[in-house]
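# Coordinates in review
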Amino acid sequence: MPMSPAAAPVSTTARTRRQGEEDGAGEGAGGDAGAGGSIAPEPKPASARPPAGRRISPPLMSAPTPAPDPSPVPTGRLGAPDPIDTRTGRRPMTRSHLPAAPPGPRRPRLGSWTATRRSAYVSFVVQAIVNNLAPLLFVVFHTRLGVDVAQLGILASLNFLVQLLTDTAAIALVDRLGYRPLMVLAHVLAAAGLVLLGLLPTRTGAPFASLCAAAAVYAVGGGLIEVLASPVVEHLPAEPGRSKESGMALLHSFYCWGQLAVVLGSTALLTLLGTASWWILPLVWAAIPALNAAVLARVPMPATVPDAERTPLRSLLGAPALLLALALMAMGGASELTMSQWSSFFAQQGAGVSKELGDLLGPGLFALLMALGRTGYGLAGDRLPLRACLVVSGAGATACYLVAATASRPALTLLACAGTGLFVALMWPGATSLTAARFPAGGGAMFALLALAGDLGATAGPATAGGLAGSATSGGLLAGLARILPGDSGTGLRPALLVCALIPVLYALAVLAVGRTGRGRAERSQAPRPRRG
């Protein structure tokens, strides 16, 4: 029967395939025999060879099949392909065939390190809330709740005392429990304490005891945040184009911005609502730690240093470099808080300005310049050497203390008080970064020690200045110095600030003695993997 043209190529292809199999079988036999000697393959039979002078035409080829469309087939309901247009022979354009829109700005997902870093920034805003909201309400507590001035002083001291105890307890807990549970607990306690601050005093017969209970609760949260936020940011992968030191300065700048936000926001709310509705303020501010606690429960957290790799606490305390770092933290806290807490009083009594102007040009401008200093280094600090900046900070703070103590013009005195905020901006976060670079395997316990030393300096500095001022007014050793300096309405603050100028001098000298920060930088640059546990 004659063969159809369409079947010819199939038959020819089949013949070629069978011939290749026979050739392969012969080659395989020859290969097996080649184990004992070289044997040439047998020649093909004569019947399989084409007659001499006859050309073999190539097999008939069918029309080439068009290549399949690599674009995805648009599917309609139940996964069926869209019908083909009979006029054009193509499927209609659907959303999947349209060109993709250009990508917009990516928002940080809760599973990214960016969300972790931003939640740590917010945690320092929470710390600013719990440290600065109650002092803004001292006048309200005194006039509406009957809390006397001595009790208000106890309330302020209680906050810092509880934070010191929290720093001490956190030394043994951070590396054992990890960052996530303690960070979430810190924000829950901060929110609960603020809610108690707004609800308890007006609903109990003991307003002072209620204020102390609320302060103790949110002070534990503030102390934990101070211990945990720095190591969390330190152990995160560095942002592109930003060093670890810059990230630490940027973190601490959010405390300053939070302080300004609390002052401005609370003042505006009190003006709008009236002092009779003061209790609404703590409830409003409590929303921030509550929301951040929910975020911290979901974002990835860096792991703490494993026990096998962590430097033991006893070895850390025996290292002279760490002891010097603890002294740096204490001197940085003292240099910052001494001028910060006494600036308003000194502006009114020493410079002779009104209370409103003293608050604005004293602690207000001080906090603003400190925030700008930390933010500026956080944005451009990768191009500036940290140790050199800290030495300049110590020298600049010393100059501001000297000018504030000796200047006879009130404007120059106020400018020196406010300018101190710019120079002390890097002292605390810079000392933390120097220590983290020197001891990369120190773990969370080391950061708890640093926070404890900083809080001790922040407590002892203002108290020392007050004691020195009392000595100058009571005829002590500084009485003769007070007679030489310009008048300060008999407060003795000028000679006290003059002596306290030694603190930033010692800070600058200690920075020079710490040593280079490059050691351990390679270990710090290894990015930890996100852990969602």
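This one's a predicted model, so the numbers in the text were calculated from it and none came from an experiment.

What follows deals with the pattern of salt bridges. The full count for this structure, using the stated rule, is three salt bridges. The salt bridge involving Arg117 is made with Glu239; its shortest N-O contact spans 3.6 Å. In this pair, Arg117 is assigned in helix α2 (residues 113–136) and Glu239 in the loop between α6 (207–234) and α7 (244–273), connecting sequence segments 122 residues apart. On the accessibility criterion, Arg117 (7% relative accessible area) is buried. Using a relative accessible area of 25% as the deciding quantity, one classes Glu239 as partly exposed.

A separate point is the packing of aromatic side chains. With the rule as written, the count across this model stands at three aromatic pairs. Relative to Phe254, the ring of Tyr121 has its centre 4.7 Å away and its plane inclined at 10 degrees; by these criteria the two rings are stacked. Of this pair, Tyr121 sits in helix α2 while Phe254 is found in helix α7, placing the two residues 133 residues apart along the sequence. By relative accessible area, Tyr121 is classed as buried at 8%. Summarising the aromatic geometry, the rings of Phe138 and Phe141 are spaced 6.5 Å apart at their centres and angled 50 degrees between planes, so their arrangement reads as tilted.

Right, let's talk about the nonpolar core for a bit. Counting 109 residues, the largest nonpolar core has Leu137, Phe141, Leu251, Leu328 and Tyr507 as its most contacted members. With twelve residues, α6 is the single largest residue contributor to this core. Excluding residues within four positions of it along the chain, Leu251 makes contact with Ala120, Tyr121, Phe124, Ala229, Ser230 and Val233.

This brings us to empty space enclosed by the protein. With the rule as written, the count across this model stands at three cavities of 30 Å³ or more. Reported here for the largest cavity is a volume of approximately 80 Å³. Forming the walls of the largest cavity are Arg117, Val233, Glu234, Leu236, Pro237, Ala238, Glu239, Arg242, Ser243, Lys244, Gly247 and Met248. At three residues, α7 tops the list of elements feeding residues into the lining of the largest cavity. A class-by-class count of the residues in the lining of the largest cavity yields five nonpolar, two polar and five charged. The computed volume of the second largest cavity comes to approximately 60 Å³. If you list the elements that add at least two residues to the lining of the second largest cavity, you get α6, α15 (427–438) and α16 (443–473). Partitioning the lining of the second largest cavity into residue classes produces six nonpolar, three polar and one charged.

Glancing now at the packing of α6 against α7. Where α6 contacts α7, the axes come no closer than 9 Å and their chain directions differ by 150 degrees. Comparing their axes, α7 and α6 come out roughly antiparallel. The hand of the α6/α7 crossing is right-handed. Here Ala229, Ser230, Val233 and Glu234 of α6 come into contact with α7, specifically with Lys244, Gly247, Met248, Leu251 and His252. Of the residues in the contact of α6 with α7, the class split is four nonpolar, three polar and two charged.

Turning our eyes to something else, we now look at a nonpolar patch on the surface. A cluster of nonpolar residues, Val505, Leu506, Leu509 and Leu512, forms a patch on the protein surface that exposes about 360 Å² of accessible area. Here Val505 is to be found in helix α19 (residues 502–514).

Take the confidence of the model for the chain next. Taken as a whole, the chain shows an average pLDDT of 78; of its residues, 73% reach a score of 70 or greater. Considering only residues more than four positions removed or in separate chains, one finds that residues 1–48, a stretch of pLDDT under 50, has ten contacts. Counting interchain partners and residues more than four positions distant, the pLDDT-below-50 stretch residues 516–533 has 32 contacts.

Attention now goes to the side chain of Asp455. Note on placement: Asp455 falls in helix α16. Buried charge without a partner: Asp455 forms no salt bridge, and the closest opposite charge is Arg374, 11 Å away.

As for its placement among the helices and strands, Thr435 is situated in helix α15. Not counting the four nearest positions on each side in its chain, Thr435 is found in contact with Leu322, Ala325, Met446 and Leu450.

Another point: helix α9 (residues 287–296). Buried within α9 are the following residues: Pro289, Asn292, Ala293 and Leu296. An end-on view of α9 places all buried positions within 110 degrees of arc, on one side of the element. Structurally, α9 contributes buried residues whose contacts are with α2, α5 (179–199) and α8 (280–285).

Reading the values: the criteria
Residues numbered from 1 in each chain as written. Predicted model: local features only at pLDDT ≥ 70, side-chain atom pairs only at ≥ 80, totals over all residues. Heavy atoms only, no water. Salt bridge = Lys/Arg side-chain N within 4 Å of Asp/Glu carboxyl O. Helix = DSSP H or I, 4+ residues; strand = E, 2+ residues; numbered from the N terminus. Buried < 20%, exposed > 50% of the residue type's maximum accessible area, 1.4 Å probe, protein only. Phe/Tyr/Trp six-rings, centres within 6.5 Å; stacked < 30°, edge-to-face > 60°. Core = buried A, V, L, I, M, F, W, Y, C linked by side-chain atoms within 4.5 Å. Contact = heavy atoms within 4.5 Å. 1 Å grid on protein atoms, 1.4 Å probe; cavity = no way out; pocket = protein on both sides within 12 Å on 5 of 7 lines; lining within 4 Å. Points joined across faces, edges and corners; volume = space filled by probe spheres on them. Nonpolar A, V, L, I, M, F, W, Y, C, P; charged D, E, K, R; others polar. Axes fitted to C-alpha atoms, helices over the stretch in contact; angles between N-to-C directions. Parallel < 35°, antiparallel > 145°, perpendicular 65-115°, else oblique. Left-handed = near helix turned anticlockwise from the far one by under 90°. Patch = residues over 30% accessible without salt bridge, like charges linked within 9 Å, V, L, I, M, F, W, Y side chains within 5 Å. Areas by Shrake-Rupley, 256 points an atom, 1.4 Å probe, with all protein chains shown as cover. pLDDT = per-residue confidence, 0-100. Lys, Arg positive; Asp, Glu negative; His and termini not counted. Arc of directions from axis to C-beta.

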